Amino acid sequence: MKAIVIDQYGDKDVLQEREVDQPSIQEDQVLLEIHATSINPIDWKVRAGYLTDMLPFEFPIILGWDAAGIIVEKGSNVTNFEVGERVFTRPATTRQGTYAEYAPVDENLLAKMPASMSFEEAAAIPLAGLTAWQCLVDFAGVKKDDKVLIHAGAGGVGTFAIQIAKSLGAYVTTTASEENEEFVKSLGADQVINYKTEDFSQILHDYDFVLDSMGGEVQSNSYKVLKPKGKLVSIAAPPNEEEAQKYEVEAGFLWLDPKGEQLQKLADLYEAGKLKAVIGETFDFNEKSLQAAHALSETHHARGKIVIKVK
């Protein structure tokens, strides 16, 4: 099968197109024929060698941890999915990723695609959508009328977080550039702070929850907008415990735990018209396109998700 692999850590040029063996599956896995995948910051962070302590993979590595496609083979213990079904997934974080024509996926990480959902939409949802869900639902327990601040609302996680928070009945504020103000409002944002000209920490107060995707100074200033006993979760950098204590805030770092049943809940929201995948750019499945897609992701200014059309 065709795959894009890396044999060493480095810049985008280490991404190489190659023919490799099609993977085999275990009893509790399916073989997924991939029709689309997407780019996430974890992809280029692994590629650059930033996550070697956390993910000590052996080379060659196939990056990519989002996929949508069709099941072409299933293991003997797989009971809830059939060959021929359209599914999407955030597969386990292994070196056998989704920049490939086929990938092995554990049954418990699969969800069925709604009939109206395209493969490109489905590939855009899993990693970013599940991250947003676990921040808002599992960590924060966001409920009706909670005041929620989502940083970088036009980004991959931000676009899903705004929609999920609105589906829970929250009042949603987000930071974005002036160019993206109408866009994030179209997703459901009630208030938009222009991060280039306004200081959110001077404007907002008594918030229940902050989703920090930036770290650094943005994270430190986020404590100021929270009420005592408010919650902050970061997907960028582990919060400073002393800072959190000073503001009497519960703070944590979220590393995604992929779950097929939660992905199915996102599919239900999609079917109910409460969640859409925002695809900023679509690239073809080849070496040069993947390199360009990585370069775009590394700017931190991509709107929505970057999708790769594999088939």
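All of these numbers come straight from a predicted model, not from anything done at the bench.

Caption draft 1: Summary view of the overall build of the chain. The number of helices and strands found in the chain is 10 helices and 15 strands. For a compact globule of 311 residues, the expected C-alpha radius of gyration is about 19 Å, and the chain comes in at 19 Å, within 12% of that figure. In terms of overall dimensions, the chain has a C-alpha envelope of 55 × 40 × 35 Å along the principal axes. When burial is assessed residue by residue, the chain has 54% of its 311 residues classed as buried. Restricting to contacts in the chain with at least 6 residues of sequence separation, those with at least 24 account for 67%. Of the roughly 13500 Å² of accessible surface on the chain, a fraction of 46% belongs to carbon and sulfur atoms. Taken as two groups, the 30 positive and 48 negative side-chain charges of the chain have centres that lie 4 Å from each other.

Caption draft 2: Geometry of the packing of aromatic side chains. In total, this model carries 2 aromatic pairs according to the counting rule given. Here Tyr223 and Tyr247 contribute two aromatic rings whose centre-to-centre distance is 5.7 Å and whose plane-to-plane angle is 5 degrees, an arrangement assigned as stacked. With a gap of 24 residues between them, Tyr223 in the loop between helix H7 (216-222) and strand S12 (226-234) and Tyr247 in the loop between helix H8 (241-246) and strand S13 (250-253) connect regions that are remote in the sequence. Looking at Tyr223, the relative accessible area reads 1%, which means it is buried. Its end group placed over the ring of Phe119, Arg86 keeps NZ or CZ at 5.1 Å from the ring centre.

Caption draft 3: Main features of the nonpolar core. The biggest cluster of nonpolar side chains holds 93 residues, and the ones touching the most others in it are Phe88, Tyr99, Ile164, Phe209 and Leu266. Sort the elements by how many residues they give to this core and helix H3 (residues 126-139) lands first, with 7 residues. Setting aside residues no more than four positions away along its own chain, Leu266 makes contact with Ile125, Gly129, Leu130, Trp133, Ile164 and Leu275. Among the nonpolar cores identified, the runner-up in size contains 12 residues, and Ile193, Leu204, Tyr207 and Val249 belong to it.

Caption draft 4: Spatial organisation of the pattern of salt bridges. The full count for this structure, using the stated rule, is 15 salt bridges. Salt-bridge contacts for Lys74 lead to Glu82; the nearest nitrogen and oxygen are separated by 3.3 Å. By relative accessible area, Lys74 is classed as partly exposed at 28%. Owing to a relative accessible area of 41%, Glu82 belongs among the partly exposed residues under this scheme. Notably, a salt bridge pairs Lys309 with Glu120, separated by 3.0 Å at the nearest N-O pair. In this pair, Lys309 sits in strand S15 (residues 305-309) while Glu120 sits in helix H2 (residues 119-124), placing the two residues 189 residues apart along the sequence.

Caption draft 5: Representation of the environment of Ile34. By secondary structure assignment, the location of Ile34 is in strand S3 (residues 29-39). Owing to a relative accessible area of 1%, Ile34 belongs among the buried residues under this scheme. Separated by 87 residues in sequence, Ile34 and Glu121 have C-alpha atoms that sit 13 Å apart. Aside from chain neighbours lying at most four places away, what touches Ile34 is Ala67, Ala68, Gly69, Thr98, Ala100, Glu101, Tyr102, Ala103, Val310 and Lys311.

Definitions and limits used
Residues numbered from 1 in each chain as written. Predicted model: local features only at pLDDT ≥ 70, side-chain atom pairs only at ≥ 80, totals over all residues. Heavy atoms only, no water. Helix = DSSP H or I, 4+ residues; strand = E, 2+ residues; numbered from the N terminus. Rg over C-alpha atoms; globule rule 2.2 N^0.38 Å. Buried < 20%, exposed > 50% of the residue type's maximum accessible area, 1.4 Å probe, protein only. Contact = heavy atoms within 4.5 Å. Areas by Shrake-Rupley, 256 points an atom, 1.4 Å probe, with all protein chains shown as cover. Lys, Arg positive; Asp, Glu negative; His and termini not counted. Charge placed at Lys NZ, Arg CZ, Asp CG, Glu CD. Phe/Tyr/Trp six-rings, centres within 6.5 Å; stacked < 30°, edge-to-face > 60°. Lys NZ or Arg CZ within 6 Å of the ring centre and 35° of its normal. Core = buried A, V, L, I, M, F, W, Y, C linked by side-chain atoms within 4.5 Å. Salt bridge = Lys/Arg side-chain N within 4 Å of Asp/Glu carboxyl O.

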